[in-house]
Amino acid sequence: MENDVLKQFIEWILNEKENISLCDSIEYKKGDRWVKIGIEVMGTQFNDRSALIENVKEGDPLQILRDPDNFFDRFTLSVCDQSGQELGTMWMNLADVLSPVLDEGFAQIIESHATEVVPLSIREDGAVKPILKMEMTIFLTQEDDLSKDSSGGSDVAAVKEPETAQSVLTTQTVPAASVRERTVPEDTPAAGGEIAKITASAEAVRPSVVPVNGRKTSGAWIGVLVIGLLAWAALLGGGYYYATTNYIPSQHYRKGYDLYQQEKYTLAADELHRAGTYNGADRLLADCYRKMVSAETEDDPAEKKEDNTKSEQ
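The structure contained in this document is the topic of the report that follows. Everything quoted here is computed from the prediction, not taken from an experiment.

Analysis parameters
- Residues numbered from 1 in each chain as written.
- Predicted model: local features only at pLDDT ≥ 70, side-chain atom pairs only at ≥ 80, totals over all residues.
- Heavy atoms only, no water.
- Buried < 20%, exposed > 50% of the residue type's maximum accessible area, 1.4 Å probe, protein only.
- Helix = DSSP H or I, 4+ residues; strand = E, 2+ residues; numbered from the N terminus.
- Pairing = 2+ DSSP bridges.
- Contact = heavy atoms within 4.5 Å.
- 1 Å grid on protein atoms, 1.4 Å probe; cavity = no way out; pocket = protein on both sides within 12 Å on 5 of 7 lines; lining within 4 Å.
- Points joined across faces, edges and corners; volume = space filled by probe spheres on them.
- Nonpolar A, V, L, I, M, F, W, Y, C, P; charged D, E, K, R; others polar.
- Expected span 1.5 Å × (residues − 1).
- Arc of directions from axis to C-beta.
- Axes fitted to C-alpha atoms, helices over the stretch in contact; angles between N-to-C directions.
- Patch = residues over 30% accessible without salt bridge, like charges linked within 9 Å, V, L, I, M, F, W, Y side chains within 5 Å.
- Areas by Shrake-Rupley, 256 points an atom, 1.4 Å probe, with all protein chains shown as cover.
- Salt bridge = Lys/Arg side-chain N within 4 Å of Asp/Glu carboxyl O.
- Core = buried A, V, L, I, M, F, W, Y, C linked by side-chain atoms within 4.5 Å.
- Phe/Tyr/Trp six-rings, centres within 6.5 Å; stacked < 30°, edge-to-face > 60°.

## Regarding the pairing of strand 7 (residues 131–140)
Side-chain direction in a regular strand flips from residue to residue, so the side chains alternate between the two faces of the sheet. For strand 7, a buried count of 8 out of 10 residues is recorded, marking the element as mostly surrounded by other parts of the structure. The pairing of strand 2 (residues 34–40) with strand 7 spans 7 bridges and is classified as antiparallel. Note on strand 7: the bridge partner recorded for Lys36 is Thr137. As paired strands, strand 6 (residues 107–118) and strand 7 are joined by 10 bridges and run antiparallel to one another. Bridge pairing in strand 7 links Val117 to Leu132.

Structure follows, in structure tokens:
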């Protein structure tokens, strides 16, 4: 159905509201037409975004822009300042359910603003990214009642079973005496002729039954069975192909991308390695390796200095 994306979005909101594992806050009651979501903006350390966030203050309005041509994820939602400069992106799990709703016109982001800003310049030593949190208000342009039973309940009228030939014969039984009176001429002297007339009248009252001669041969049944088996095999093969080439790699890619955003490069590399080449996972994996090598290189001078000190002693 066309509003499946809206149902998926509302179900995600209700489930996430119970755990609050991804979002900082969610304000929504079942049946409402608006949702307030508080989140932390991701990717604030890339592409000189740290310098832009230095000029952002709490309460400043923000823009949410779709980026369907994004190389890593076509559901990307970018968080920008009023001039359109990108400050970061939304969490992938939220963007996956929110972007289709926005694209279909079932929801609109009517307001968004910064709620917490900690620039990199005032963070403690060793921090690699600024903190930017925001809150957005989403208006649902179409109401969706998840409690409504799609099966239609008990309003469906019961279908009467057709009367069988036996029931028709039972309801249309004619007494033998009356049949005799209607069908036997008064001038018929022979008893045998009277019985023949009665029998003919009873057959006239009985409804005609068309014999069923269209029985399928055993060859036709075998053909239907073979076609069904081939269709089932094709369905299983297609499902296996989709799972191994798309669904499973996409799950590893999404986990790896989230871990990459959290700078957990070792765990991200493991997930991206399982994703293979899905959606450019190999390129992101190479970037993870570069980050890991860079981090090891930064640690080497301190270790060398400590070793030299020990040798001098």
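## Some thoughts on the side chain of Gln261
Inspection of the secondary structure assignment puts Gln261 in helix 7 (residues 218–261). Not counting chain neighbours up to four residues away, the residues in contact with Gln261 comprise Met42, Gly43, Gln45, Phe46, Thr89 and Lys129.

## A look at empty space enclosed by the protein
Any empty space left between the atoms is revealed when a probe the size of a water molecule rolls over them. For the structure on display, the rule yields 1 cavity of 30 Å³ or more. Space inside the largest cavity adds up to approximately 30 Å³. Met42, Met90, Trp91, Met92, Tyr257, Asp258 and Gln261 are the residues that line the largest cavity. A per-element tally of the lining of the largest cavity places helix 7 first, with 3 residues. Within the lining of the largest cavity, the residues separate by chemical class into 5 nonpolar, 1 polar and 1 charged.

## Describing helix 1 (residues 4–19)
Spanning 16 residues, helix 1 covers 23 Å between terminal C-alpha atoms, matching the ideal 22 Å at 1.5 Å per step. Among the residues of helix 1, Leu6, Phe9, Ile10, Trp12, Ile13 and Glu16 are the ones counted as buried. Down the axis of helix 1, the buried side of the element spans an arc of 155°, and every buried residue falls inside it. Exposed residues pointing more than 90 degrees away from the buried face of helix 1 are listed as Glu18 and Asn19.

## Digging into the sheet that holds strand 3 (residues 63–67)
Spatially, 3-4-5 is the arrangement adopted by the 3 strands of the open sheet, whose pairing is antiparallel. Edge strands, defined here as strands with exactly one partner in the open sheet, are strand 3 and strand 5 (86–89). On average, each strand axis in the sheet is inclined to that of its neighbour by 35°, with strand direction left out of account. Where strand 4 (residues 76–80) meets strand 5, 3 bridges bridge the pair, whose relative direction is antiparallel.

## Thoughts on a nonpolar patch on the surface
On the surface, Trp34, Ile110 and Phe139 cluster together into a nonpolar patch covering about 290 Å² of accessible area. Looking at where Trp34 falls in the secondary structure, it is placed in strand 2. Since its relative accessible area comes to 37%, Trp34 is described here as partly exposed.

## Details of the sheet that holds strand 1 (residues 25–27)
By way of backbone hydrogen bonds, the strands of a sheet pair with one another, either parallel or antiparallel. The 4 strands are arranged 1-2-7-6 in an open sheet whose pairing can be described as antiparallel. Edge positions in the sheet fall to strand 1 and strand 6, since each of these pairs with one other strand and no more. Taking the axes of each pair of neighbouring strands and ignoring which way they run, one obtains an average angle of 10° across the sheet. In this fold helix 1 packs onto strand 1, strand 2 and strand 7, with an angle of close to 130° to the strand it touches most, strand 7.

## Here we look at the pattern of salt bridges
Summed over the entire model, instances satisfying the criterion amount to 9 salt bridges. The residue Arg49 makes a salt bridge to Glu86 at a minimum N-O spacing of 3.0 Å. Of this pair, Arg49 sits in helix 2 (residues 49–53) while Glu86 sits in strand 5, and the two are 37 residues apart along the sequence. With a relative accessible area of 7%, Arg49 lands in the buried category. Residue classification places Glu86 among the partly exposed residues on the basis of a relative accessible area of 27%. For the salt bridge of Arg254 with Asp96, the shortest nitrogen-to-oxygen distance reads 2.4 Å. You can see Arg254 sitting in helix 7 and its partner Asp96 sitting in helix 3 (residues 92–104), a full 158 residues away along the chain.

## Observations regarding the nonpolar core
Counting 37 residues, the largest nonpolar core has Ile37, Met90 and Leu94 as its most contacted members. What Ile37 contacts, discounting residues up to four positions off in sequence, is Ile13, Cys23, Ser25, Leu94, Met134, Glu135, Met136 and Ile138.

## Digging into the packing of aromatic side chains
Under the definition given, this model contains 4 aromatic pairs. Where Tyr253 meets Tyr257, the ring centres are 6.2 Å apart and the plane angle is 25°; that geometry is what we call stacked. Note that Tyr253 and Tyr257 are positioned in helix 7 at a spacing of 4 residues, about one turn of the helix. Residue Tyr257 is classed as buried on the basis of its relative accessible area of 15%. Among the aromatic residues, those joined into a ring-pair cluster are Phe46, Tyr260 and Tyr265.

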